[in-house]
Structure formats: structure tokens, C-alpha cells
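# Coordinate analysis (summary)
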Amino acid sequence: MSEIAEAVGDGVLPGRVWLYANYHCNLTCTYCLTESAPKVAKRELGAQRMLEVAAQARALGFTSLGVTGGEPFLLSYLTETIIEMAEMLPIVVLTNGTLFTRARLEEARGLTGAPVAIQISLDSADPVANDTMRGPENFRRVVAAIDALVARGVRVRIATTAEHIDEHELERLCQLHRGLGVADEDHIVRPILRRGRAIDSGLGVDTDLIDLPPELTITADGAYWSPFGPTVHGGRLDTDLLVSRTTSPLDKPANILLRLVQGRARGDDAKLDIR
Ligand code: SF4
């Protein structure tokens with residue numbers, strides 16, 4: 001058994017490896033951690049690299065995968081790649097849920113019965129409040145996508161990101177997702193982090209980053225401590241949570257991360273000045 005497999009088995013390292021598929025997005029949410037937008041640098045990993053990371057993660061003893069961005073479903077090869085990755089490890093894919101055209105929904109039938117969860121952002125049961133943060137028509141499109149995916153037997157999770165949500169608002173949201181066929185255990189509520197565009201919008205909470213779980217996160221620019229690490233502000237990629245510029249083979253950043261978790265010396269190319 002590899003040292004990584006042992007650390008995952010003992011709960012020293014989380015079992016999930018995250019992949020930043022890309023950084024561009026069709027939306028421009030006010031709190032976006034990565035300043036994503038249609039015309040930003042794509043920083044795409046590519047299908048081949050995503051499959052390599054999945055295979056190496058499984059061989060090392062990691063137990064699941066996460067795909068995020070940007071908006072991963074802007075990539076034409078995404079569904080096909082997810083299906084292949086899910087043959088190796090269970091996977092959750094984060095999406096804004098606005099790109100599920102008829103063709104995409106047909107493709108999504110391939111996810112039915114696979115160990116795949118599509119996690120869609122929905123911030124409020126009030127369309128106006130939701131669309132203020134996420135853009136015009138977002139609520140309508142997201143609700144339609146959830147409905148269509150659930151009808152095709154695809155597992156959907158809902159992620160709510162909010163500065164503050166009171167009991168009444170939360171109850172309305174829960175009634176909505178239950179009505180759409182999404183169970184309570186598949187609804188997560190999380191705070192806005194003060195990184196990326198949230199800084200300029202005056203939103204979010206300052207996080208004690210050292211409290212973030214050490215979830216190995218692979219991007220086109222390097223490996224990070226957490227999926228909340230490779231954020232962008234002022235057009236520049238943050239490197240305060242960079243673990244290593246080297247991501248291949250995966251055991252290199254995985255072992256550096258493990259050494260960091262164990263309080264041992266880090267690799268030369270790490271720049272991890274966690275505040
Ligand atoms: S928060 Fe998500 S959906 Fe919104 S702009 Fe950023 S990547 Fe796109």
C-alpha cells in the first residue's frame with residue numbers, strides 16, 4: 001500500500017482529488033473566487049490530462065474526484081471525459097447549470113447509474129435575489145436543468161453560496177429542492193469566501209486558510225492545498241496556497257502535500273505562506 005493510500009485510509013489526507021478543468025465561464029457572478037468570465041484566460045487542463053490525473057489518483061489510493069472551474073460544461077469533451085473518469089473513481093462535477101441544452105441533456109443520459117453527482121449552484125428560492133448575484137434568467141435556467149437531469153436519473157446536488165441565509169429563506173429553498181427531487185443530504189450551504197471577485201464586491205468572510213482541509217487540487221498552473229486555493233484577483237492567480245508547480249506524475253504533489261500535513265519540509269517550488 002502506498003504512503004498516500006495509508007494516509008487517506010487513516011484520515012490524515014482527504015480522499016478527494018480536485019481538478020480545475022478550466023477558468024472561463026459564461027457567467028460573471030459577483031462573488032466568483034476565480035474572476036471567471038467569458039473572455040478570461042482559459043487555463044484548461046485538457047481531457048487527456050484529466051484522465052491521467054484520475055488514473056494516477058486511483059493508483060495512489062485516493063478515493064474520489066472533483067471537477068470544478070470556471071464552468072466545466074463549456075468544454076465540448078466534458079461529459080465524455082467524466083464518464084471515463086467515473087470508471088476509475090466516483091466524481092462530483094461543479095457547474096452553474098445553465099448550459100444544459102437538449103444535446104447536453106442527451107449526453108447526460110450516459111451519467112445515469114454512474115458514480116457521478118452534478119453539483120449545481122442555486123443561491124435562493126427567490127428568483128430576483130438569486131439572479132442579482134448570478135445573472136439574468138439564472139434561476140429559471142437552473143431550475144429547468146435540475147428538473148431535466150433528475151428526470152433522466154442523474155444524481156444532482158445543489159450548492160447554495162450566501163452571505164447570510166435566515167431560517168425562512170432556507171426553508172423555502174429546501175422546499176424547492178425537495179420538490180425538484182433533490183434530497184436534503186444533497187443540498188449544501190456554504191459561505192462566500194473573501195477571495196477573487198468577492199474582495200472587490202465587498203462580500204464574504206475572511207477565512208483562516210489553515211483550517212481548509214488539505215484536498216490535493218490540480219490546475220494547469222500547479223498543485224494547491226485546497227480547491228479554494230487557485231483563486232484569481234486582479235487578473236493574477238493567487239499562489240498563497242500553491243503546493244507545487246509540478247503536477248505530473250501525481251505522486252510528486254501528493255507527497256509534498258502529505259509532508260506539509262505531517263509538518264515536514266516542503267519541496268523547493270512550493271510557495272505556501274498560509275495566513
Ligand atoms: S461563481 Fe461559478 S458560475 Fe459564477 S462566474 Fe464563477 S465560475 Fe462562473
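The coordinates are above.
Overview of the structure. (Residues numbered from 1 in each chain as written. Predicted model: local features only at pLDDT ≥ 70, side-chain atom pairs only at ≥ 80, totals over all residues.)

## Looking at the overall build of the protein chain
Helix and strand counts for the protein chain come out as nine helices and eleven strands. The C-alpha radius of gyration computed for the protein chain amounts to 18 Å, which stays within 12% of the reference 19 Å derived for 275 residues, consistent with globular compactness. In terms of overall dimensions, the protein chain has a C-alpha envelope of 50 × 40 × 35 Å along the principal axes. Counting only residues that meet the buried cut, the protein chain has 42% of its 275 residues in that class. Across the protein chain, every contact between residues at least 6 apart in sequence was considered, and the portion connecting residues at least 24 apart equals 70%. (Helix = DSSP H or I, 4+ residues; strand = E, 2+ residues; numbered from the N terminus. Rg over C-alpha atoms; globule rule 2.2 N^0.38 Å. Buried ≥ 20, exposed ≤ 12 C-beta atoms within 10 Å, placed from the backbone. Contact = placed C-beta atoms within 7 Å.)

## Looking at the site of the ligand
Around the ligand, the structure places C25, L27, T28, C29, C32, T34, S36, G69, G70, E71 and N96. Residues of the shell around the ligand, tallied by class, amount to four nonpolar, six polar and one charged. (Near = placed C-beta within 6 Å. Nonpolar A, V, L, I, M, F, W, Y, C, P; charged D, E, K, R; others polar.)

## Thoughts on the environment of H24
Tracing the backbone shows H24 in the loop between β1 (16–20) and α2 (47–60). According to the C-beta neighbour criterion, H24 is partly exposed, with 19 such atoms within 10 Å. Sequence-distant contacts of H24, defined by excluding residues within four places in its chain, comprise S36, P38, V40, K42, G70 and L74.

## Describing the sheet that holds strand β6 (residues 187–191)
Taken together, nine strands build an open sheet; the order of strands is β6-β5-β4-β3-β2-β1-β7-β8-β11 and the sheet is mixed. The open sheet has two edge strands with one neighbour each: β6 and β11 (242–244). Across the sheet, the mean angle from the axis of one strand to that of its neighbour is 25°, orientation sign disregarded. Note: strand β2 (residues 64–68) against strand β3 (residues 91–95), three bridges, orientation parallel. From the neighbouring strand, G66 faces β3, where its bridge partner is V92. Each of β4 (116–121) and β5 (155–162) is contacted by helix α6 (residues 138–151), which is oriented at about 165° to β4, the strand it contacts most. (Pairing = 2+ DSSP bridges. Axes fitted to C-alpha atoms, helices over the stretch in contact; angles between N-to-C directions.)

## A look at the pairing of β3
Across a regular strand the side chains alternate sides, sitting on one face of the sheet and then on the other. Counted residue by residue, β3 has five buried out of five residues, so it is predominantly covered. Taking every second residue as pointing to the same face, both faces of β3 are buried, with I91, V93 and T95 on one and V92 and L94 on the other. In terms of handedness, the path from β2 via helix α3 (residues 78–86) over to β3 forms a crossover that is right-handed. In this sheet, β4 lies alongside β3 in parallel orientation, the contact comprising five bridges. When the bridges of β4 are listed, T95 appears paired with I120. In this region the chain leaves β3, passes through helix α4 (residues 102–108) and returns to the parallel neighbour β4; the handedness of that crossover is right-handed. (Right-handed = clockwise from strand over helix to strand, strands pointing away.)

## Here's the deal with unusual backbone geometry
Geometrically, the link from G69 to G70 is a cis peptide bond, its omega value of 25° lying close to zero. In this structure, the amide linkage connecting S248 to the following residue, P249, adopts the cis form with an omega of -5°. Checked against the element boundaries, P249 lands in the loop between β11 and α9 (251–261). Positive phi values are uncommon outside glycine, yet E35 reaches one of about 50°. The topology assignment puts E35 in the loop between β1 and α2. Positive phi, normally seen in glycine, also occurs at E137, with a value near 70°. Counting through the fold element by element, E137 comes out in the loop between α5 (127–134) and α6. Overall, the presence of 11 C-beta atoms within 10 Å leaves E137 in the exposed class.

## Examining the packing of α2 against α3
Orientation of α2 relative to α3, taken along the N-to-C sense of each, is 15°, at an axis distance of 10 Å. The angle between the axes of α2 and α3 places the two elements in the roughly parallel class. Handedness of the α2/α3 crossing: right-handed. Here A47, M50, L51 and A54 of α2 lie close against α3, whose contacting residues are T81, E84 and M85. (Parallel < 35°, antiparallel > 145°, perpendicular 65-115°, else oblique. Left-handed = near helix turned anticlockwise from the far one by under 90°.)

## A few points about the packing of α5 against α6
Relative to each other, α5 and α6 sit at 105°, their axes nearing to 8 Å. Between α5 and α6, the angle is such that the two are roughly perpendicular. Between α5, through P127, N130, D131 and R134, and α6, the contact on the second element is made entirely by N138, F139 and R140. Class assignment of the residues belonging to the contact of α5 with α6 gives a composition of two nonpolar, two polar and three charged.

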